[in-house]
Amino acid sequence: MNKKIFSFEFFPPQTPEGVEKLAATRKQLGLLKPEFFSVTFGAGGSTQARTLETVQQIKAEGYNAAPHLSCVGSTRENVSAMLNTYKAMGIKRIVALRGDLPSGMATTGEFQYANELVSFIRAQTGDHFHIEVAAYPEFHPQARSAHDDILNFKRKVAAGANSAITQYFYNADSYFYFVDECRKLGVTIPIVPGIMPIVKFTQLARFSDACGAEIPRWMRRTLEGYGDDSASVQAFGQDVVCALCERLLAGGAPGLHFYTLNQAAPSQAIWQRLGLPR
Ligand SMILES: Cc1cc2nc3c(=O)[nH]c(=O)nc-3n(C[C@H](O)[C@H](O)[C@H](O)COP(=O)(O)OP(=O)(O)OC[C@H]3O[C@@H](n4cnc5c(N)ncnc54)[C@H](O)[C@@H]3O)c2cc1C
């Protein structure tokens, strides 16, 4: 059996306190010996410098860092410069995305879709980078149809992606269906489920509305019912997410990628309960 890949995702902090907190989070999650820590990147380059700084900090601590790189609103020159910087730093893995332009930012730049970015990275840097791309078991909200979305995912793989990380979801069947459909089309790369621990219901509902990840009705109603009782929200969330992870791993998922929101405890608790390796 292939070794399962576990990883954690951070966003680049905006304040000195945030930087300190993330350093403490990394220290705790580093004990679990993940394959890599990834760092998000604001589309249109809004977090470019902070993403780079966070990646440098991760590298300096001896962990593998995987910067996200989104292409919408960017130019070939700019992307090329970032690739050169990451290559010179010894970065080996990149999460290649289209991104979403912040509202009010009109230009689409020189890339329209993530498959163009993947092709560009391959053309510029050959096989230097392991390229991760995004996958959507519940389908991307802008896709014309579910089948179209899978064909577009296949385009990214044909362009040279090595593996994929999914948007988060709470319905394991959507993941298994998506993977089966990909396999039928000859797409064989590992598709690692993205896992969102449940900490605050209002925050989760806001993210889910924005990215099209469904919170099933039974979960939404239960979480709503807890109101401000955060202990109950978290206990219920942990039960649900642990059961999801168990089912995914037992069903053949090649690993798990945790959306940490820069907090160690929720992912750590799930990890321990699942008895994952250290
Ligand atoms: C694991 C993960 C990490 C993420 N990290 C970040 C981040 O760091 N920063 C950030 O800004 N966002 C991030 N996102 C969000 C992501 O940028 C958005 O979901 C964005 O809307 C789509 O990006 P994509 O790379 O999936 O785009 P694409 O693969 O380009 O797909 C976007 C849409 O266009 C369609 N499409 C794709 N190719 C074509 C084509 N050739 N012709 C017609 N239609 C096409 C697809 O079906 C889909 O509907 C992340 C998402 C995931 C799942």
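In this text, all values refer to a predicted model and were calculated from it rather than measured experimentally.

This next bit is on unusual backbone geometry. Phi is positive for lysine 33, close to 55 degrees, though the residue is something other than glycine. Relative to the helices and strands, lysine 33 resides in the loop between α1 (16-30) and β2 (36-39). By relative accessible area, which is 62% here, lysine 33 ends up exposed. The backbone phi angle of phenylalanine 139 is positive, close to 75 degrees, even though this residue is not glycine. Looking at the element boundaries, phenylalanine 139 is found in the loop between β5 (130-135) and α5 (146-158).

Our next topic: the environment of leucine 52. Looking at the secondary structure, you find leucine 52 in helix α2 (residues 48-60). C-alpha separation for the pair leucine 52 and methionine 82, spaced 30 residues apart in sequence, amounts to 9.0 Å. Ignoring sequence-local partners within four residues, the contact set of leucine 52 consists of Thr85, Tyr86 and Met89.

This part is about the site of the ligand. Surrounding the ligand, one finds 24 residues, the nearest of these being Phe41, Asp100, Tyr136, His140 and Asp149. The side chain of histidine 140 places a nitrogen or oxygen atom 2.7 Å from an oxygen atom of the ligand. The side chain of aspartate 149 places a nitrogen or oxygen atom 2.6 Å from an oxygen atom of the ligand. Protein contact buries 86% of the 970 Å² of open area that the ligand shows by itself. A molecule is said to occupy a pocket when more than half its atoms come within 2 Å of that pocket's grid points, and by this definition the ligand occupies the largest pocket. Sorting elements by how many residues they give to the shell around the ligand places α5 first, with four residues. In terms of residue class, the shell around the ligand is made up of 10 nonpolar, nine polar and five charged.

Cut-offs applied
- Residues numbered from 1 in each chain as written.
- Predicted model: local features only at pLDDT ≥ 70, side-chain atom pairs only at ≥ 80, totals over all residues.
- Heavy atoms only, no water.
- Helix = DSSP H or I, 4+ residues; strand = E, 2+ residues; numbered from the N terminus.
- Buried < 20%, exposed > 50% of the residue type's maximum accessible area, 1.4 Å probe, protein only.
- Contact = heavy atoms within 4.5 Å.
- Near = heavy atom within 4 Å.
- Polar contact = N/O pair within 3.5 Å; in protein donor to acceptor, adjacent residues only side chain to side chain.
- Areas by Shrake-Rupley, 256 points an atom, 1.4 Å probe, with all protein chains shown as cover.
- 1 Å grid on protein atoms, 1.4 Å probe; cavity = no way out; pocket = protein on both sides within 12 Å on 5 of 7 lines; lining within 4 Å.
- Sits in = over half its atoms within 2 Å of the grid points.
- Nonpolar A, V, L, I, M, F, W, Y, C, P; charged D, E, K, R; others polar.

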